[in-house]
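The primary structure of each chain is shown beneath.
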Amino acid sequence: MKAATFYEYGPADAMQYADVPDPDVGPGDVLIRVQACGVNHSDLDSRAGTSRWPFELPMVLGAEFGGTVVDAGSGAGHVRAGDLVTAFLQYNCGRCAQCARWRPDLCAAFEIFGTTRWGGYGELVSAPARVVVPLEPGDEVQAVAAGQCVVSTAWHMVNRLALVRPGDLVLVPSASGGVASALVQCAKLAGATVIATTGSSAKAERVSGLGADVVVVRDGDDIAADLLHATGGRRFDAVLDTVGGQLFGAHLSVLRAEGTLVTCGAHAGEVVPLDLIPLFRNGWRIVGFRLASPGDLAASLELIRRGAVKVPIAATFPVSDAAEAHRFLERRQHVGKVLLVAV
Ligand SMILES: [Zn+2]
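Residues numbered from 1 in each chain as written. Predicted model: local features only at pLDDT ≥ 70, side-chain atom pairs only at ≥ 80, totals over all residues. Heavy atoms only, no water.

A. Quick peek at the pattern of salt bridges. Summed over the entire model, instances satisfying the criterion amount to 15 salt bridges. The structure contains a network of salt bridges with shared partners spanning D13, E324, R327 and R331. (Salt bridge = Lys/Arg side-chain N within 4 Å of Asp/Glu carboxyl O.)

Laid out in structure tokens, this is it:
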């Protein structure tokens, strides 16, 4: 098959559209002809050699994809050739002690498409039938390929880590980003009142469109005061943070006693100011997002299929032009998801 692949680590130019062996199809596997595949920031690190994953090269990236089954092994069960499908972007072994304890998220034999095995940057991808998710004929394959990663992250943060309940007051800083946009929508689905921040009034309208109740544009030097002004002085039950950076302490400071800040990203700065005195006096909890469970992946795919959470698509590139897609993502000028589509 043809695939966007790389034979050595390097800049975007390292991506080549080349002939690689067709993926193996075991008895329990299906072979999927890829129609669309999401491009993630982690792909850039994987290609550059900075991801800390030991890859066997050449590598075919791509964690989230959708397409049509073209071949199914004898043990593939209900999945048949011609089915429109996607697959969980990561999956557990189902046999180890952690899996037996119903903690699949702690499985030591975890597989991730595009990381531990080839993903959706090729014409074909092989997947175990047990992790394949059938789609309905009317489902938008691009929406599914674009959304699983960000929506499952957001859903897990809202429902499993922050434990958002109806009536809660939730802060989503820098809400125009990919996961943050999904956080606004997931927190609204959970029944929260959502206050979001953005860096410009141009982005504020878009964030309002996602359902945020109030959008605060960062323009002063006291964002905490601006936020509490916007809430009439009420403190937040949860802060859902995707950016970190110098405002981390200010975002933490507007939590109520025993409120929770969940963090999943640090594009604004990985090392942050943190005053420990108010942290323990207020009993604040800082929780890191690690992994969305299989149940969260299933829930997120259903939300996308129903249109309950929307992920905007910034651009699509033919899979033969993956290098250009990586350059586009590296410029960080876009809003929304970047996709590779079949040539
Ligand atoms: Zn396991």
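B. Up close: the sheet that holds strand β13 (residues 236-241). Across the sheet, 6 strands lie side by side as β12-β11-β10-β13-β14-β15; this open sheet has parallel pairing. Two strands bound the open sheet, and with one partner strand each, they are β12 (214-217) and β15 (285-288). Each adjacent strand pair in this sheet contributes to an overall mean axis angle of 20°, direction not counted. By the bridge criterion, 4 bridges tie strand β11 (residues 193-198) to β12 in an arrangement that is parallel. Bridge pairing in β12 links A196 to V215. (Pairing = 2+ DSSP bridges. Helix = DSSP H or I, 4+ residues; strand = E, 2+ residues; numbered from the N terminus. Axes fitted to C-alpha atoms, helices over the stretch in contact; angles between N-to-C directions.)

C. Molecular detail of the environment of T115. Within the element layout of this structure, T115 appears in the loop between β7 (111-112) and β8 (124-128). Its relative accessible area of 17% is what places T115 among the buried residues. Along the backbone, T115 and L89 are 26 residues apart, and their C-alpha atoms lie at a distance of 10.0 Å. Setting aside anything within four residues of it in sequence, one finds T115 in contact with W53, F55 and M59. (Buried < 20%, exposed > 50% of the residue type's maximum accessible area, 1.4 Å probe, protein only. Contact = heavy atoms within 4.5 Å.)

D. Summary view of the side chain of H251. The topology assignment puts H251 in helix α7 (residues 248-253). Ignoring sequence-local partners within four residues, the contact set of H251 consists of L171, P173, L227, V239 and D241.

E. Structural context of helix α1 (residues 41-48). Along α1, the positions that sit buried rather than exposed are D43, L44, S46 and R47. Down the axis, α1 shows its buried residues gathered within 160° of arc, on one side only. Residues of α1 that are buried in the fold lie against β3 (29-39) and α10 (322-330). Looking one or two residues past α1, G49 carries a phi angle of roughly 85°, positive in sign. (Arc of directions from axis to C-beta.)

F. A look at the coordination of the zinc ion. Distances from the zinc ion to its protein donors, C93 (SG), C96 (SG), C99 (SG) and C107 (SG), fall at 2.3 to 2.4 Å. Classification of the site at the zinc ion rests on its 4 donor atoms, whose angles at the metal span 105 to 114°, yielding the label tetrahedral. (Donors = N, O, S within 2.8 Å, 3.2 Å for Na, K, Ca; no water. Tetrahedral: all angles 85-135°; square planar, octahedral: opposite > 155°, others 65-115°.)

G. Fine view of the packing of aromatic side chains. Tallied over the entire structure, the rule returns 4 aromatic pairs. A centroid spacing of 6.1 Å and a plane angle of 45° characterise the contact between F6 and Y9, whose relative ring orientation is tilted. Exposure remark for F6: the relative accessible area of 0% places this residue in the buried category. According to the relative accessible area criterion, Y9 is partly exposed, its value standing at 36%. Between the aromatic rings of F65 and F113, the centroid separation amounts to 5.2 Å while the plane-to-plane angle is 90°, which identifies the pairing as edge-to-face. With a gap of 48 residues between them, F65 in strand β4 (residues 65-72) and F113 in the loop between β7 and β8 connect regions that are remote in the sequence. Relative accessible area serves as the criterion here: at 0%, F65 is assigned to the buried category. For F113, a relative accessible area of 1% translates into the label buried. (Phe/Tyr/Trp six-rings, centres within 6.5 Å; stacked < 30°, edge-to-face > 60°.)

H. Just the pairing of strand β17 (residues 337-341), in detail. The buried count for β17 comes to 5 of 5 residues, which makes it a mostly enclosed element. Both faces of β17 are covered, namely the face carrying K337, L339 and V341 and the face carrying V338 and L340. Across 4 bridges, β3 lies against β17 in antiparallel orientation. Note on β17: the bridge partner recorded for V39 is V338. Where strand β16 (residues 313-318) and β17 come together, 5 bridges link them in parallel fashion.

I. Structural detail: the side chain of N92. Considering the arrangement of structural elements, one finds N92 in the loop between β6 (90-91) and α2 (97-100). Ignoring any residue separated from it by four or fewer positions in sequence, one finds N92 in contact with C99, P104, C107, F110, R130 and P294.

J. Layout of the pairing of β3. Burial analysis of β3 places 9 of its 11 residues in the buried class, the great majority of the element. Where β3 meets β8, 5 bridges bridge the pair, whose relative direction is antiparallel. By the bridge assignment for β8, R33 is matched with L124.

K. Geometry of the packing of α1 against α10. Two elements in contact, α1 and α10, have axes whose closest approach is 10 Å; the angle formed by their N-to-C orientations is 115°. Regarding α1 and α10, the two cross each other, and that crossing is left-handed. Here α1 contributes H41, D43, L44 and R47 to the contact with α10, which in turn contributes H326, L329 and E330. The residue makeup of the contact of α1 with α10, split by class, is 2 nonpolar, 2 polar and 3 charged. (Left-handed = near helix turned anticlockwise from the far one by under 90°. Nonpolar A, V, L, I, M, F, W, Y, C, P; charged D, E, K, R; others polar.)

L. Fine view of the packing of helix α3 (residues 141-161) against helix α9 (residues 294-306). Running from N to C, α3 and α9 point in directions that differ by 120°, and their axes come no closer than 8 Å. Classified by the angle between their axes, α3 and α9 sit oblique to one another. In the crossing of α3 with α9, the sense of the turn from one axis to the other is right-handed. Contacts between α3 and α9 involve A143, V144, G147, Q148, V151, S152, W155, H156 and R160 from the first element and D296, L297, A299, S300, L301, L303, I304 and R305 from the second. Looking at the contact of α3 with α9 residue by residue, the class counts come to 9 nonpolar, 5 polar and 3 charged. (Parallel < 35°, antiparallel > 145°, perpendicular 65-115°, else oblique.)

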